[in-house]
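Per-entry structural report
Okay, here's what each chain looks like letter by letter:
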Amino acid sequence: MTELKALVPIAILAATAACASNQGADEGPEPGGADDPRRGETVRSICFRSTINNFSVIARDKIVLTRGVNDQYLVELAGGCDARDAFTSIGVGGRGGGSCVTKFDDILLDRSVAGPRRCQIREIYDWDPDADVEEDEAPDPDA
């Protein structure tokens with residue numbers, strides 16, 4: 001029985017080490033990254049600031065802004081901004097005013113209790129949610 005108790009910590013350590021070794025593994029292209037087929041061409045501006053009706057966070061520094069169903073744009077945030085801070089809503093703060101959002105305008109992330117955080121837009125791209133995103137095939141163990 002004592003031998004069994006001694007094996008339990010070793011089994012836990014082995015399981016933890018196995019999980020840690022997989023954390024750095026290549027899990028395919030970054031969502032919204034250059035290899036993502038949904039990411040289209042760079043866009044100078046999106047002109048529906050007051051009618052944005054939805055957003056989704058797809059990566060730490062990437063948000064998709066939506067108007068209706070068909071108008072969708074990928075917005076990359078600059079610096080250390082974490083799009084996952086957008087708990088309930090976002091806003092758009094412009095430098096030049098007007099109805100268009102451009103590079104260097106701000107996305108305001110509602111962080112609930114902590115209040116909003118300003119995050120500068122680094123780049124804007126067309127976004128096609130229906131583009132085929134291929135699933136990576138498991139590597140052949142015999143190769």
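All of the points below concern the structure found in this document. (Residues numbered from 1 in each chain as written. Predicted model: local features only at pLDDT ≥ 70, side-chain atom pairs only at ≥ 80, totals over all residues. Heavy atoms only, no water.)

Considerations on the state of the cysteines
A full pass over the atoms with the stated rule returns two disulfides. Two residues, Cys-47 and Cys-100, share a disulfide whose sulfurs are 1.8 Å apart. Measuring the twist about the S-S bond at about 100°, one finds the Cys-47-Cys-100 disulfide to be right-handed. Of this pair, Cys-47 sits in the loop between strand S2 (45-46) and strand S3 (54-59) while Cys-100 sits in the loop between strand S6 (90-93) and strand S7 (101-102), and the two are 53 residues apart along the sequence. With a relative accessible area of 44%, Cys-47 lands in the partly exposed category. A relative accessible area of 24% means that Cys-100 is categorised as partly exposed. Shown here is the disulfide that connects Cys-81 with Cys-119, its sulfur atoms set 2.1 Å apart. Handedness of the Cys-81-Cys-119 disulfide follows from its S-S torsion of about -95°: it is left-handed. Of this pair, Cys-81 sits in the loop between strand S5 (71-77) and S6 while Cys-119 sits in strand S9 (residues 116-127), and the two are 38 residues apart along the sequence. Judged by relative accessible area, Cys-81 falls into the buried class, the value being 4%. (Disulfide = S-S within 2.5 Å. Helix = DSSP H or I, 4+ residues; strand = E, 2+ residues; numbered from the N terminus. Buried < 20%, exposed > 50% of the residue type's maximum accessible area, 1.4 Å probe, protein only.)

Brief notes about the environment of Gln-72
Within the secondary structure, Gln-72 sits in strand S5. By relative accessible area, which is 15% here, Gln-72 ends up buried. Taking the C-alpha atoms as reference points, Gln-72 and Tyr-125, 53 residues apart in sequence, are found 8.9 Å from one another. When sequence neighbours within four positions are dropped, the list of residues in contact with Gln-72 reads Val-64, Leu-65, Thr-66, Asp-126, Trp-127 and Pro-129. (Contact = heavy atoms within 4.5 Å.)

Section: the side chain of Glu-76
Position of Glu-76 among the secondary structure elements: in strand S5. A residue is classified by how much of its surface remains accessible, and Glu-76, at 9% relative accessible area, is buried. Beyond its immediate chain neighbours, meaning those up to four positions away, Glu-76 contacts Gly-32, Arg-39, Asp-61, Lys-62, Gln-120, Ile-121, Arg-122, Glu-123 and Tyr-125.

Section: the nonpolar core
With 18 residues, the main nonpolar core has Ile-46, Ile-63, Leu-77 and Ile-107 as its most contacted residues. Every element with two or more residues in this core is listed here: strand S4 (62-67), S5, strand S8 (106-110) and S9. (Core = buried A, V, L, I, M, F, W, Y, C linked by side-chain atoms within 4.5 Å.)

Interpretation in functional terms is not warranted from these geometric data alone.
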